[in-house]
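# Survey of secondary and tertiary structure
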Amino acid sequence: MNTAAPLSKHEIAALVAADIEAGSFVNLGIGQPTLVADHLTPEQDVTLHTENGMLGMGPAAHGDEVDPDLINAGKIPVTELPGAAYFHHADSFGMMRGGHLDVCVLGAFRVSAAGDLANWSTGAPDAIPAVGGAMDLAIGAKQTWVMMSLFAKDGTAKLVETLAYPVTGLGCVTRVYTESAVFLLGPDGVSVRSTHGITLEELRARVPVPLATIEA
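All values reported here derive from a predicted model rather than from experimental measurement.

### Here's the deal with the sheet that holds strand 6 (residues 110-112)
The strands making up a sheet are joined through hydrogen bonds of the backbone, oriented either antiparallel or parallel. Across the sheet, three strands lie side by side as 7-6-9; this open sheet has mixed pairing. On the outer flanks of this sheet lie strand 7 (117-118) and strand 9 (159-160), each paired with one strand and no other. Where strand 6 and strand 7 come together, two bridges link them in antiparallel fashion. Looking at the pairing, R110 lines up with A118 of strand 7.

Written out as structure tokens, the structure is:
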């Protein structure tokens, strides 16, 4: 559904959460993707996996819920759901690399039209590399979705024809959720599922890749 205003981070997270199929095993990357946990419903029966060794993570913890020993990979205090399990970091990476996750939702610096992902370094001389488990998630999960702002501070689009930043994973991204539009990526190119606070014509003028349209 198109909207007249850009989406907030929580509105983007709600869209992502609604698109996750019931019964899925999902990893939420550091940054914006962690907000998705707050918008999942019990009826979806989604099991959240964290890189630091937990299955069955719940929404972010607040107030008396905060346990300093119970955090996600981004060091944010979280809650646990009934049946939650804990395990060694190596076992966690085995789940990530072994194709056991249905979806991972990651942040990104850039995504290419071919679904290539750059999210661990800008390549700048003073940049601090921070790949974490992103490479393992990007190629190990059955679906890799990105949640990011569409435009950089200089106004250029982060959805590009080809990557200039160091690559995290090739051809892995199938969806990109942003404040201005939701994009679906596939063998036939990039399609716009919905627009938010921007017209399709304006979007095509600012995003340097061919954009097809599909019905919401």
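### Side note on the side chain of S24
Among the structural elements, S24 can be located in the loop between helix 1 (9-19) and strand 1 (25-28). With relative accessibility at 7%, the residue S24 sits in the buried group. Side-chain polar atoms of S24 contact the backbone oxygen of E21, separated by 2.7 Å. Look past the residues within four positions of S24 in its chain and what remains in contact with it is D45, V46, T47 and D102.

### Here we look at the packing of aromatic side chains
This structure, assessed with the given rule, holds two aromatic pairs. Geometrically, the ring pair formed by F109 and Y165 is edge-to-face, given 6.2 Å between the ring centres and 80 degrees between the ring planes. Placement of F109 in the loop between strand 5 (103-106) and strand 6 and of Y165 in the loop between strand 9 and strand 10 (173-177) is noted, with a sequence separation of 56 residues between them. Overall, the relative accessible area of 24% leaves Y165 in the partly exposed class. Relative to Y177, the ring of W145 has its centre 5.8 Å away and its plane inclined at 45 degrees; by these criteria the two rings are tilted. With W145 in strand 8 (residues 143-147) and Y177 in strand 10, the pair connects residues that are 32 residues apart, well separated along the chain. Its relative accessible area of 1% is what places W145 among the buried residues. Its relative accessible area of 1% is what places Y177 among the buried residues.

### Observations concerning the sheet that holds strand 12 (residues 189-195)
Ordered by their spatial adjacency, 10 strands build an open sheet running 4-3-2-1-5-8-10-11-12-13, and the pairing between neighbours is mixed. The sheet is open, and its two borders are formed by strand 4 (78-86) and strand 13 (211-213), each paired with just one other strand. Taken over all neighbouring pairs, the strand axes of this sheet differ in orientation by 30 degrees on average, direction set aside. Pairing of strand 2 (residues 47-50) with strand 3 (residues 54-60) involves two bridges; the strand directions are antiparallel. Counterpart to T50 in the pairing with strand 3 is M54. Together, strand 5, strand 8, strand 10, strand 11 (181-186) and strand 12 form the strand contacts of helix 1, whose direction differs from that of strand 8 by roughly 165 degrees.

Analysis parameters
- Residues numbered from 1 in each chain as written.
- Predicted model: local features only at pLDDT ≥ 70, side-chain atom pairs only at ≥ 80, totals over all residues.
- Heavy atoms only, no water.
- Pairing = 2+ DSSP bridges.
- Helix = DSSP H or I, 4+ residues; strand = E, 2+ residues; numbered from the N terminus.
- Buried < 20%, exposed > 50% of the residue type's maximum accessible area, 1.4 Å probe, protein only.
- Polar contact = N/O pair within 3.5 Å; in protein donor to acceptor, adjacent residues only side chain to side chain.
- Contact = heavy atoms within 4.5 Å.
- Phe/Tyr/Trp six-rings, centres within 6.5 Å; stacked < 30°, edge-to-face > 60°.
- Axes fitted to C-alpha atoms, helices over the stretch in contact; angles between N-to-C directions.

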